[in-house]
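One letter stands for each residue in the lines below.
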Amino acid sequence: MSEPLQPMAQANRISTLLNAVLGKERFPVSVDEVALEYSRQCFQASPIDKVNGQDLDGFEGMLAANKAGTKWLILYNSAVTSEGRKRFTIAHEFGHYLLHRHQQDSFECGDDDIETGDRAKKDIEVQADQFASTLLMPLDDFRRQVDGQRVSFDMLGHCANRYGVSLTAAALRWTEIADHRAI
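The structure presented is a predicted model; accordingly, all values stated were derived computationally and were not measured.

Enquirer: Mind laying out unusual backbone geometry, listing which residues take part and the relevant values?
Expert: The omega torsion of the bond from Phe27 to Pro28 falls at -5°, within 30 degrees of zero and hence cis. Topologically, Pro28 is positioned in the loop between helix H1 (7–22) and helix H2 (31–42).

Structure representation (structure tokens):
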């Protein structure tokens with residue numbers, strides 16, 4: 001039996017490749033292009049074939065395989081107005097593809113999935129969020145952006161702009177590395 005894949009390790013592997021090809025000033029990550037190309041290169045028998053926006057009622061994103069399991073589709077809710085939220089959703093679904101596609105052939109994800117549902121569903125949702133956060137805002141680069149600065153809306157706004165994420169996502173990332181409590 002193979003060892004389970006770790007979300008942050010998977011995202012860091014992709015970040016290392018992106019750094020080598022595009023350099024360290026490669027942000028924000030073109031997450032839809034990365035998902036398509038990486039899956040085509042690494043998983044030729046069942047790659048992500050499309051990443052599309054659609055008005056999805058009741059959930060933020062979806063990952064689904066075709067009946068044969070030979071192609072995958074990522075959908076994100078195009079009705080969401082935040083581009084950062086859309087990018088995070090695509091990265092989250094890409095995380096499901098890399099980490100969980102052998103467990104089930106479709107995922108429908110909404111904002112409240114972590115608070116509701118059974119423990120296994122919560123665990124895979126947390127893992128997909130960890131993957132997305134690490135892919136979009138790698139800790140090494142994030143630390144370089146905030147090192148020695150007092151937390152402020154300007155600093156968090158800089159990070160949100162650099163990584164193409166919401167201010168909330170940047171603030172949550174900062175709390176992961178903060179050396180003191182924050183409100």
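So, next bit.
Enquirer: I'd like a rundown of the environment of Gln54, residues and numbers included.
Expert: Relative to the elements of secondary structure, Gln54 occurs in strand S1 (residues 48–54). Distance in space between the C-alpha atoms of Gln54 and Val80 is 9.8 Å, their sequence separation being 26 residues. Those residues in contact with Gln54 that lie beyond four places of it in its chain are Leu75, Tyr76, Asn77 and Ser78.

Enquirer: Mind laying out the pairing of strand S2 (residues 61–65), listing which residues take part and the relevant values?
Expert: Judged by how many residues are buried, S2 sits mostly within the fold: five of five residues are covered. Side chains of S2 alternate between two faces, with Gly61, Leu63 and Ala65 and Met62 and Ala64 buried alike. As paired elements, S2 and strand S3 (residues 72–77) share five bridges and run antiparallel to each other. Paired with Leu63 across the bridge in S3 is Ile74.

Enquirer: Summarise the packing of aromatic side chains; cite the residues concerned and give the values.
Expert: Under the defined criterion, the tally for this structure stands at seven aromatic pairs. Considering the side-chain rings of Phe94 and Phe131, the 5.5 Å spacing of their centres and the 85° angle between planes classify their relative orientation as edge-to-face. Placement of the pair is Phe94 in helix H3 (residues 83–100) and Phe131 in helix H4 (residues 119–136), with a sequence separation of 37 residues. For the pair Phe94 and Phe131, a shared accessibility class is recorded, and that class is buried.

Analysis parameters
Residues numbered from 1 in each chain as written. Predicted model: local features only at pLDDT ≥ 70, side-chain atom pairs only at ≥ 80, totals over all residues. Heavy atoms only, no water. Helix = DSSP H or I, 4+ residues; strand = E, 2+ residues; numbered from the N terminus. Contact = heavy atoms within 4.5 Å. Buried < 20%, exposed > 50% of the residue type's maximum accessible area, 1.4 Å probe, protein only. Pairing = 2+ DSSP bridges. Phe/Tyr/Trp six-rings, centres within 6.5 Å; stacked < 30°, edge-to-face > 60°.

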